[in-house]
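So you can see what is in the structure, the chains are spelled out below.
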Amino acid sequence: MSKQTYRVCLCFRRRFQLTEAEAPEDIKQLFYRYSENGTMNVDHLHKFLIEVQGEDQATKEDAEAIMESLKEFKHLNIFQRKALNLEAFSKYLFGDINPPLSPSNKVHHDMTAPISHYYIYTGHNSYLTGNQLSSYCSDVPIIKALQKGVRVIELDLWPNSTKDNIDILHGRTLTTPVALLQCLRSINQYAFVASEYPLVITLEDHLTSDLQAKVADMLTKTFQEALFIPGSECLSEFPSPESMKRRVIISTKPPKEYLRNKNVKENDGGIQKAKQSQEEEAWGKEIPDVNDGLEPQKIDHESGESQDEEELNESDKRMEHHAAPEYKSLIAIHNAGKPKGGIEEWLKVYPDKVRRLSLSEQQLEKAVLTHGEYIIRFTHKNLLRIYPKGTRLDSSNYNPLIGWMHGAQLVAFNMQGYGRSLWLMQGMFRANGGCGYVKKPDFLLKVGPHNEIFDPKAILPVKTTLKVKIYMGDGWHLHFHHTHFDIYSPPDFYARVGIAGVPADTIMKKTKPVEDNWRPTWDEEFEFPLRVPELALLRIEVHEYDMSEKDDFGGQTCLPVSELRTGIRAVPLYDQKGEKYKSVKLLMRFAFV
């Protein structure tokens with residue numbers, strides 16, 4: 001047992017002993033029930049997997065594989081007898097072999113429906129390394145996004161300084177450009193490393209027709225056979241992810257000009273504010289309540305949102321009309337624009353063509369108040385993209401559930417940011433093997449027997465109740481310096497557990513803090529009645545209680561409730577940006593009743 005020393009004052013130090021974590025009482029009782037004379041053999045473990053872990057298809061070979069995986073713990077001296085003692089059993093439960101989601105990481109949703117039937121992992125301004133005003137443009141964030149399974153990459157195309165080539169940058173800002181060809185080559189190299197399902201590249205071009213022709217040539221030469229070329233200008237139905245495996249699909253949207261008529265060079269205060277806001281968002285800001293977007297509110301039209309990213313003005317229409325033919329022929333997903341006549345015209349469904357409509361987060365929040373049913377009907381066969389409002393200069397994000405519960409497939413996020421909203425996005429796309437496509441629930445794909453449409457605001461009957469027991473946590477002492485959380489003593493950890501989903505399901509609860517312990521045992525249970533479990537995400541966070549300052553961040557994860565494995569599971573935690581800690585885990589139990 002190691003000891004840690006903390007300085008209290010110049011002449012006084014306190015010593016704390018880092019003790020081995022003792023198995024919780026539930027774990028001990030289960031071990032004694034499924035073992036004989038203090039040992040659990042293959043038959044015992046097999047029975048435990050079926051009866052406690054809910055693994056109905058488990059075989060004795062699976063039980064043997066678990067025992068084999070524990071060979072690294074040779075000091076336990078259990079393998080001559082092919083049996084586990086309590087310590088080895090605890091190692092299995094707390095090990096990487098026992099995750100909360102399926103370890104096979106296989107795609108298991110039906111992938112043969114049109115892509116409009118799926119939520120798609122979507123990036124916004126994918127080339128930015130930081131804030132929206134002054135950060136560098138690079139192919140690095142694009143590569144990182146692709147490695148995490150993002151399936152929609154957005155590029156803003158501008159003429160370079162000599163007007164003879166194409167740069168990627170956030171126009172009318174201080175962002176530094178990166179060459180389009182460099183980005184395309186990186187996309188080609190990493191497009192399918194995390195998922196073999198189709199990659200969509202959304203191009204927002206501010207180019208003359210001769211430069212558009214140059215883009216078409218780059219696309220064709222870079223992606224070759226992988227580039228999908230539609231047979232007609234407008235599709236009557238979108239293809240399926242299965243039929244488009246390892247294909248690159250081109251989508252376009254009309255030009256935008258962020259911060260029009262503003263002198264960005266004089267906006268250093270805005271840049272500084274962006275940095276400060278991003279630090280707060282790291283974990284301190286709670287996700288906006290879903291109800292905030294479903295209740296009447298005043299929309300501030302002078303906050304930078306009046307400039308619509310997707311608005312087609314007359315010059316934009318002329319630019320589209322005179323687009324280079326070789327460029328136009330590559331566009332498979334067309335932007336619908338926003339024709340005159342208001343939201344009902346925008347959301348009109350045509351029997352002979354499909355298209356994509358884009359709304360800002362504020363436009364969506366306003367639209368769902370009066371036209372929620374129209375939005376859901378539109379997304380049965382058309383694509384709806386939601387993008388961050390223009391005032392999110394810090395590359396923060398919004399609550400994605402407002403879009404998801406209304407059927408929006410393309411909820412576009414700043415992947416280079418971090419914070420609770422992004423944790424929800426990462427959690428949603430851990431589903432379906434992490435392939436970047438998650439099948440929407442049936443109630444968002446069809447009408448009911450009386451032509452009724454799903455209403456996210458409705459108080460529906462409880463379908464199931466999720467019981468979550470959080471036993472203990474471990475691994476922080478291996479990752480953090482012993483004074484990282486508190487210079488005077490070991491940390492006082494507590495956990496927050498809750499649901500993100502439809503308004504009636506959304507809630508957060510927390511445990512009591514455990515004082516001065518790197519291996520806290522909470523042993524607390526929570527129940528979450530779920531009315532729409534198909535859209536529910538389990539949120540888990542750990543913080544270190546600080547009486548005098550803001551509590552410190554200790555890890556987080558977000559898991560799709562529909563894919564949780566029941567039983568006792570080792571839940572790995574992630575840092576603020578969504579990178580997994582090597583050793584930090586929670587031991588938890590999940591059950592549906």
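Computed from a predicted model, the values in this text were never measured in an experiment.

A. Region of interest: the overall build of the protein. Secondary structure assignment for the protein yields 15 helices and 24 strands. Here the protein holds 593 residues, and 57% of them are scored as buried. Intrachain contacts of the protein at a sequence separation of at least 6 include 74% that bridge at least 24 residues. Surface summary for the protein: the accessible area is close to 26,300 Å², and the carbon and sulfur share equals 48%.

B. Spatial organisation of the pairing of strand 19 (residues 507–510). Here strand 18 (residues 493–500) runs beside strand 19; their pairing, made up of four bridges, is antiparallel. Of the residues in strand 19, the one forming a bridge with Val 497 is Lys 509. Here strand 18 folds back onto strand 19, and the loop between the two strands holds six residues.

C. Just the state of the cysteines, in detail. As enumerated under the stated definition, the model contains zero disulfides in all. There is no disulfide at Cys 137, and the cysteine sulfur nearest it, in Cys 183, is 8.3 Å away.

D. Up close: the environment of Val 542. One can find Val 542 in strand 21 (residues 537–544). Beyond its immediate chain neighbours, meaning those up to four positions away, Val 542 contacts Trp 476, Phe 493, Tyr 494, Ala 495, Trp 522, Asp 552, Phe 553, Gly 554, Gly 555, Leu 573 and Leu 586.

E. Examining the pairing of strand 22 (residues 552–560) more closely. Counting buried positions along strand 22 yields eight of nine residues, so the element is predominantly enclosed. Summarising the sheet, strand 21 and strand 22 pair through eight bridges and their orientation is antiparallel. Directly across from Glu 544, in strand 22, lies its bridge partner Asp 552.

F. Structural detail: the packing of aromatic side chains. Scanning the entire structure with this criterion turns up 19 aromatic pairs. Relative to Tyr 92, the ring of Phe 89 lies with its centre 6.2 Å away and its plane at 45°, an arrangement referred to as tilted. Of this pair, Phe 89 and Tyr 92 both sit in helix 4 (residues 86–93), three residues apart, which is roughly one turn of the helix. Like Tyr 92, Phe 89 is buried. By the ring-pair criterion, three or more aromatic residues cluster together here, those being Phe 31, Tyr 32, Tyr 34, Phe 48, Phe 89 and Tyr 92. The ring of Trp 346 has Lys 338 lying over it, and the distance from NZ or CZ to the ring centre is 5.6 Å. Here the basic side chain of Lys 510 rests over the ring of Tyr 494, its NZ or CZ set 5.3 Å away from the ring centre.

G. Expanded view of a nonpolar patch on the surface. Nonpolar side chains collect at one region of the surface, where Val 8, Phe 12, Ile 487 and Tyr 488 lie side by side and expose about 370 Å² of accessible area between them. Mapped onto the fold, Phe 12 is located in strand 2 (residues 12–18). What makes Phe 12 partly exposed here is its relative accessible area of 45%.

H. Quick peek at helix 14 (residues 420–428). Burial analysis of helix 14 places nine of its nine residues in the buried class, which makes it a mostly covered element. Restricting attention to buried positions, one finds in helix 14 the residues Arg 420, Ser 421, Leu 422, Trp 423, Leu 424, Met 425, Gln 426, Gly 427 and Met 428.

I. Up close: the side chain of Ser 138. Counting through the fold element by element, Ser 138 comes out in the loop between strand 6 (122–123) and helix 5 (140–147). Given a relative accessible area of 14%, Ser 138 falls into the buried group. Among the polar contacts made by the side chain of Ser 138, one reaches the side chain of Asp 139 at a distance of 3.5 Å. Side-chain polar atoms of Ser 138 contact the backbone nitrogen of Val 140, separated by 2.9 Å. Look past the residues within four positions of Ser 138 in its chain and what remains in contact with it is Tyr 127, Thr 129 and Val 178.

Basis of the calculations
- Residues numbered from 1 in each chain as written.
- Predicted model: local features only at pLDDT ≥ 70, side-chain atom pairs only at ≥ 80, totals over all residues.
- Heavy atoms only, no water.
- Helix = DSSP H or I, 4+ residues; strand = E, 2+ residues; numbered from the N terminus.
- Buried < 20%, exposed > 50% of the residue type's maximum accessible area, 1.4 Å probe, protein only.
- Contact = heavy atoms within 4.5 Å.
- Areas by Shrake-Rupley, 256 points an atom, 1.4 Å probe, with all protein chains shown as cover.
- Pairing = 2+ DSSP bridges.
- Disulfide = S-S within 2.5 Å.
- Phe/Tyr/Trp six-rings, centres within 6.5 Å; stacked < 30°, edge-to-face > 60°.
- Lys NZ or Arg CZ within 6 Å of the ring centre and 35° of its normal.
- Patch = residues over 30% accessible without salt bridge, like charges linked within 9 Å, V, L, I, M, F, W, Y side chains within 5 Å.
- Salt bridge = Lys/Arg side-chain N within 4 Å of Asp/Glu carboxyl O.
- Polar contact = N/O pair within 3.5 Å; in protein donor to acceptor, adjacent residues only side chain to side chain.

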